[in-house]
Amino acid sequence: MERFSTLTAVAAPLDVPNVDTDQIIPARFLRYPRSAGYERFLFHDQGPDFVLRQPAYREAKILVVADNFGCGSSREGAVWAIKGAGVRALVGPSFGDIFFENCFKNGVLAVVLPREAAADIRRQLHDRPGALVTIDLGGQAVTAPDGTVHRFEIDPYRKTMLEEGLDDIGLTERHEAAIAAYERRRREETPWLP
Amino acid sequence: MAPRTLFEKVWARHVVAEGPGGQTLLYIDRHLIHEGGFHAFEALRQSGRRVRRPDAVFATPDHYVPTAGRAAGIADPEARVRVESLRADTRAAGITLFDLDDPRQGIVHVIGPEQGITQPGLTIVCGDSHTSTHGAFGALAFGIGASEVAHVLATQTLWQRKPKVMRIRVEGERPPGVAAKDVILGIIAAIGAGGGTGYAVEYAGSVIRGLSMEERMTVCNMSIEAGARAGMIAPDETTFAYLKGRPFAPPAEHWERAVAFWRTLPTDEGAVFDREVVVEARDLAPRVTWGTSPQDSVPITGRVPDPAAVEDPVRRASMERALAYMGLAPGTPMAGLEVDRVFIGSCTNSRLEDLRAAAAVVKGRRAVVPALVVPGSGLVKRAAEAEGLHEVFLAAGLEWRDSGCSMCVGMNGDLARAGERVASTSNRNFEGRQGKGARTHLMSPAMAAAAAVTGRLTDVREMRI
């Protein structure tokens, strides 16, 4: 997986709260393999004035979003579509739990900032369409177009996975002895389970 | 030992290892898969890995399956490929499949409990956000993405961060005419579509304890609509009675031991939750949604809210957008709103009791708009037919279909047209969920049935049943 370190890029503001995964990618596209190019489906049914269709944001690699972004279904296609379109990071006050997890599995950084901070960055992006935002994963900081620096928290595991571009199945396989021991104990305690 | 919650007990039992950054490697007891699993099988193939515990995986096609004319096969070639890949992938791995021609086929969240695969104290995952359904048995059950599905297939474990725990108590006596769907829609309206984000929810209180297993599943099913990945209800005699004798439930020789274990699971007196919410039963009523988020519901006696009365500009803008999409004006009474179509089904409301509730309303009446009834599984369909429910639906002019996700998500082609208003027992009223431009109103099976025979959103309490 692609590594993530520091990103300075055009950011697009999405002001609507509760953007669900059906909006991000309508269900009818999920039948295609990822190789079909999920970016074609990103926000497919949104109108021509949708923010990502505006020329100023076409090169956006960062989305600055509102509350509960990515709520709804577990479809990882939502993240594939976002990543396929070149977006590497999301910044917002809160995310749907499953979507949030899916982002990190795909090397997309989801940054949680206080509601006011995210709203302030979105305001700046509306005022200066095409303005740049910087995300420094190592330093755990987002720099807004006006230079304001917002620190963010990220758990060290997720950070390392992103920085090193790791796949966690490989990591888990190192715990094989513990998994096997767990299964032996489980067979004794709950013999009715396979 | 300090008093512990139901969630904490199930979590603690499944810890395989503690990892870096507060991550825990959890053992997964049961993994349910559907056609969407093809992404994960593909990822496994690419990395040269195999399925570690095929005996812990159960599969059924549900999202892409036709609900009519099934004997003729699947006409849509891409949908057919999805079902065929599930067949091939499960066969190659030695995974139990309830295939299209098997009477046990159905919506994955209906058949897990029905087969006794779902049990108290287990960890259960599925690549579907409504996996929270299985929490009705006191299991820790949650939806996962395709990468996590691949991870579980390969290792039978999952890295998780421990969520916070919220208890939602519904206290008092459930008023007549209030369905489990109304309980959960009321809860979501109270805490919001993001109110449960980061939490596992335990539902408790006298109303919850009085629910049947099928009703509990309806409540837990929609936990994710409040943002909570998992919703749980403590197992009790209702749970044990439901499970006894089911094919994958503990067999007779282990039954007593299993029940004894299950009795240890309920939250201890004095256990502390990160958040507690109390909902008064007397405030509950049959509800319908007016907007495009499951939090947007009001009692059927209510009106479309007015965005102008909302101070928060973000919330106001999102309400205005929702009303534009829904084609509704502020202040319009919900009751009397004309509908074009009715859908009774989905993992939320497609079980036998749901079908009984709907049949009781349409009995002796005629549907005035197209209405689909889609049972949750082949066995639900069979049981309903044994009671003659299908005859009630057919006589009333409703369509009686084969089991699947159908118009909840429309991936099999069961869709509403743009601009059509749908009275639906499903779980999501998102924009485009039931078809591009389709307008979904969520409600209980009895309320949807009432809409079918009146052509309007109708307070089912005012109908003679």
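This is a predicted model, so every value here is computed, not measured.

Looking only at helices and strands, one finds 7 helices and 7 strands in chain A. Overall, chain A shows an N-to-C arrangement of helices and strands of β-α-β-α-β-α-β-α-β-β-β-α-α-α. The C-alpha extent of chain A, read off along each of the three principal axes, is 65 × 40 × 25 Å. Per-residue burial for chain A yields a buried fraction of 42% across its 194 residues.

For a regular strand, the rule is simple: side chains alternate between the two faces of the sheet. All names here are of chain A. Judged from the 4 bridges that link them, strand β3 (residues 89-92) and strand β4 (residues 109-112) form a sheet pairing that is parallel. Paired with Leu-90 across the strands is Ala-110, a residue of β4. Note on the crossover from β3 through helix α3 (residues 97-105) to β4: the handedness is right-handed.

Right, let's talk about unusual backbone geometry for a bit. Residues other than glycine seldom take positive phi values, yet Phe-43 of chain A does so here, at roughly 50 degrees. Along the chain, Phe-43 of chain A falls in the loop between α1 (21-24) and β2 (62-64). In this structure Phe-43 of chain A comes out as partly exposed when scored by C-beta crowding, with 19 C-beta atoms within 10 Å. Located in the positive-phi region is Gln-156 of chain B, a residue other than glycine, with phi close to 60 degrees.

Right, let's get into the sheet that holds strand β5 (residues 132-136) of chain A. All names here are of chain A. Here 7 strands make up an open sheet; going across it, the order is β4-β3-β2-β1-β5-β6-β7 and the pairing mixed. Only two strands of the sheet have a single partner each, and these edge strands are β4 and β7 (149-151). Between one strand axis and the next, the sheet turns through 25 degrees on average, direction left out of account. In the packing of helix α4 (residues 115-127) onto the sheet, contacts are made with β1 (6-13), β2, β3, β5 and β7, and the angle to β1 comes to roughly 75 degrees.

What follows concerns the nonpolar core. Membership of the largest hydrophobic core comes to 208 residues, with the highest contact counts inside it found for Ala-358, Val-362 and Ala-452 of chain B. Beyond its immediate sequence surroundings of up to four residues, Ala-452 of chain B is in contact with Val-342, Val-362, Ala-367, Val-369, Ala-371 and Leu-398 of chain B.

What follows deals with the environment of Arg-80 of chain B. Residues and elements named next belong to chain B. Among the secondary structure elements, Arg-80 is positioned in helix α3 (residues 77-93). Separated by 32 residues in sequence, Arg-80 and Gly-112 have C-alpha atoms that sit 23 Å apart. Excluding residues within four positions of it along the chain, Arg-80 makes contact with Gly-73 and Ile-74.

Another aspect to go through is the interface of chain A and chain B. Each partner contributes residues to the interface: chain A has 47 residues there, and chain B has 61 residues. Elements with a contribution of two residues or more to the side of chain A that touches chain B: α1, α3, α5 (156-164), α6 (168-173) and α7 (176-189) of chain A. Residue contributions to the side of chain A that touches chain B peak at 5 residues, all from α3 of chain A. In terms of residue class, the side of chain A that touches chain B is built from 19 nonpolar, 12 polar and 16 charged.

Another aspect to go through is the pairing of strand β9 (residues 164-171) of chain B. Residue and element names in this part refer to chain B. Of the pairings in the sheet, the one linking β9 to strand β10 (residues 199-204) comprises 6 bridges and is parallel in character. The partner of Arg-167 across the bridge, within β10, is Glu-202. Chirality of the crossover, the property in question, places the unit of β9, helix α6 (residues 180-191) and β10 among those that are right-handed.

Another aspect to go through is the sheet that holds strand β15 (residues 341-344) of chain B. All names here are of chain B. On the basis of which strands lie adjacent, the open sheet formed by 5 strands has the order β17-β16-β15-β18-β19 and parallel pairing. One side of each edge strand has no neighbouring strand; the edge strands of this open sheet are β17 (399-400) and β19 (439-442). Relative to strand β16 (residues 371-373), β15 runs parallel, the two sharing 3 bridges. Among the inter-strand pairings, Val-342 is bridged to a residue of β16, identified as Ala-371. Lying over the sheet, helix α15 (residues 445-454) contacts β15, β16 and β18 (421-424), oriented at roughly 150 degrees with respect to β15.

The next thing to look at is the environment of Ala-92 of chain B. Residue position: Ala-92 of chain B is located in helix α3. Ala-92 of chain B sits 65 residues away from Thr-157 of chain B along the chain, and the two C-alpha atoms are 21 Å apart.

Residue and element names in this part refer to chain B. Direction vectors running N to C along helix α2 (residues 38-47) and helix α5 (residues 146-155) enclose 60 degrees, while the axes themselves pass 8 Å from each other. In this view, α2 runs oblique relative to α5, as classed from their interaxial angle. As for how α2 packs across α5, the hand of that crossing is right-handed. Where α2 approaches α5, its residues His-39, Ala-40, Ala-43 and Leu-44 are matched on the opposing element by Ala-146, Val-149, Ala-150, Leu-153 and Ala-154. Per-class residue counts for the contact of α2 with α5 are 8 nonpolar, 1 polar and no charged.

What follows covers the confidence of the model for chain B. Scored by pLDDT, chain B has a mean of 97; 100% of the residues are at 70 or more. With a pTM of 0.96, the predicted complex shows an ipTM of 0.93.

Rules used throughout
- Residues numbered from 1 in each chain as written.
- Chains lettered and ligands numbered in written order.
- Predicted model: local features only at pLDDT ≥ 70, side-chain atom pairs only at ≥ 80, totals over all residues.
- Helix = DSSP H or I, 4+ residues; strand = E, 2+ residues; numbered from the N terminus.
- Buried ≥ 20, exposed ≤ 12 C-beta atoms within 10 Å, placed from the backbone.
- Pairing = 2+ DSSP bridges.
- Right-handed = clockwise from strand over helix to strand, strands pointing away.
- Axes fitted to C-alpha atoms, helices over the stretch in contact; angles between N-to-C directions.
- Contact = placed C-beta atoms within 7 Å.
- Core = buried A, V, L, I, M, F, W, Y, C linked by C-beta atoms within 7 Å.
- Nonpolar A, V, L, I, M, F, W, Y, C, P; charged D, E, K, R; others polar.
- Parallel < 35°, antiparallel > 145°, perpendicular 65-115°, else oblique.
- Left-handed = near helix turned anticlockwise from the far one by under 90°.
- pLDDT = per-residue confidence, 0-100.

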